[in-house]
Amino acid sequence: MTTIAERDVALVDLVDRLLGGGVVIAGDITLAAADVDLVYVGLRAMLSSVATAEEKGLLGPLRGSSP
Amino acid sequence: MIELYAITSAPAPEADGLRAIENDGLAALCSVAAERQLSAEELWRREEVIESLMQDCDVLPVRYGTVVRDADEAARFLTSRRDELLQALERVRGAVELAVRVAGDERAVAGDGGGYMRVKTRLLEMHDTLSALARESKELAPGRGAYLVGREDVAAFVARVAALEEANEELSLLCTGPWPPYSFVGP
């Protein structure tokens, strides 16, 4: 994942994984990204331009991978 | 406050800009938590750090935005979840995650019922074919699969994706990775 174009295509997969995957720590530990919904709203705007660039559309719901 | 990036077996390899908190055979790689504007660059910055770590050892990536109060709290987390984390490390040993996203022809997906069913069947077949080459697989959302693939099998997997795309004119497949095993660290 080195070129800009590759990164644009891969960004959707990165967002799915960074925000929806990984080890989750619950309990008395707080999340820095307190309002994850806001994070998603921001990224959705970012991703819509990626979708256009991709010319393939069908990005599907960003929330798809959340537990 | 410190931000957690990944969990590895102790001793952890040196990682650029990260500090390892080790306890009970496990290591949490972290940095001082900082307020950052969320952006594509910020996500890639973090991803690069974890990917470079992945070159040297098996890692369990931690969900983005996870912070703990201090090193003691990180160490306590390693102890309290020790068995589960060790099992997770065993599960992903020597493997990476590959993502396969289907970008279909909209007419086929949104068209008549027959076209929709045909595409759906095709997707299931592809998922089964790719799953056979993976240790584990998961459908994150319709048309968005995650596959846990042994490092030695990555080339064969990518070749199979290319062959599937060749054989299916209606659908195009985007394969990205190798990623740290984000989708295979939990239940």
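About the cut-offs
Residues numbered from 1 in each chain as written. Chains lettered and ligands numbered in written order. Predicted model: local features only at pLDDT ≥ 70, side-chain atom pairs only at ≥ 80, totals over all residues. Heavy atoms only, no water. Helix = DSSP H or I, 4+ residues; strand = E, 2+ residues; numbered from the N terminus. Buried < 20%, exposed > 50% of the residue type's maximum accessible area, 1.4 Å probe, protein only. Areas by Shrake-Rupley, 256 points an atom, 1.4 Å probe, with all protein chains shown as cover. Disulfide = S-S within 2.5 Å. Contact = heavy atoms within 4.5 Å. Phe/Tyr/Trp six-rings, centres within 6.5 Å; stacked < 30°, edge-to-face > 60°. Pairing = 2+ DSSP bridges. pLDDT = per-residue confidence, 0-100.

On to the overall build of chain A, then. Looking only at helices and strands, one finds 2 helices and 0 strands in chain A. Residues counted as buried form 42% of the 67 residues belonging to chain A. Carbon together with sulfur atoms contributes 63% to the accessible area of chain A, which is approximately 3,400 Å² in total.

Attention shifts here to the state of the cysteines. Disulfide: a covalent bond connecting the sulfur atoms of a pair of cysteines. Residue and element names in this part refer to chain B. Here the structure, examined in full by the defined rule, presents 0 disulfides over all chains. Of all cysteine sulfurs, the one in C30 lies closest to C57, which takes part in no disulfide; the gap is 14 Å. Of the residues examined, C57 reaches a relative accessible area of 19% and is grouped as buried.

A separate point is helix 2 (residues 71-80) of chain B. Those residues of helix 2 of chain B that fall on the buried side of the exposure criterion are E73, A74, A75, F77 and L78 of chain B. Tucked inside the fold, the buried residues of helix 2 of chain B contact strand 1 (2-9), strand 2 (19-23), strand 3 (26-32), strand 5 (67-68) and helix 3 (82-91) of chain B.

Here we take up the packing of aromatic side chains. Aromatic ring pairs: the centre-centre distance and the angle between the two ring planes describe each pair. Residue and element names in this part refer to chain B. Under the definition given, this model contains 2 aromatic pairs over all chains. On the basis of an interplanar angle of 20° and a centroid distance of 6.1 Å, the ring pair of W44 and W179 is categorised as stacked. Here W44 is found in helix 1 (residues 40-56), whereas its partner W179 is found in strand 9 (residues 171-179), with 135 residues between them in sequence. A residue is classified by how much of its surface remains accessible, and W44, at 6% relative accessible area, is buried. By relative accessible area, W179 is classed as buried at 0%. Look at Y147 and F157: their rings are 5.2 Å apart centre to centre, the planes differ by 50°, and that puts the pair in the tilted class.

Residue and element names in this part refer to chain B. With 5 bridges joining them, strand 2 and strand 3 adopt antiparallel strand pairing. When the bridges of strand 3 are listed, I21 appears paired with A28. Adjacent in sequence and paired antiparallel, strand 2 and strand 3 are bridged by 2 residues, among which D24 carries a positive phi angle near 60°.

All names here are of chain B. Residue P11 is bonded to the preceding A10 through a cis peptide linkage, with omega at 0°. Along the chain, the position of P11 falls in the loop between strand 1 and strand 2. For the peptide bond that leads from G177 to P178, omega is 0°, which places it in the cis range. For D24, which is not glycine, the phi dihedral falls at a positive 60°.

Looking now at the confidence of the model for chain B. Averaged over all residues, the pLDDT of chain B is 89; the fraction at 70 or higher stands at 95%. Taken together, the chains of this predicted complex give a pTM of 0.82 and an interface ipTM of 0.85.

Bringing the pairing of strand 3 of chain B into the picture now. Regular strands place side chains that alternate from one sheet face to the opposite one. Residues and elements named next belong to chain B. The buried fraction of strand 3 amounts to 6 of the 7 residues, a majority that puts the element mostly inside the structure. Direction of pairing for strand 1 relative to strand 3: antiparallel, over a ladder of 7 bridges. The residue of strand 3 that forms the bridge with I2 is V32.

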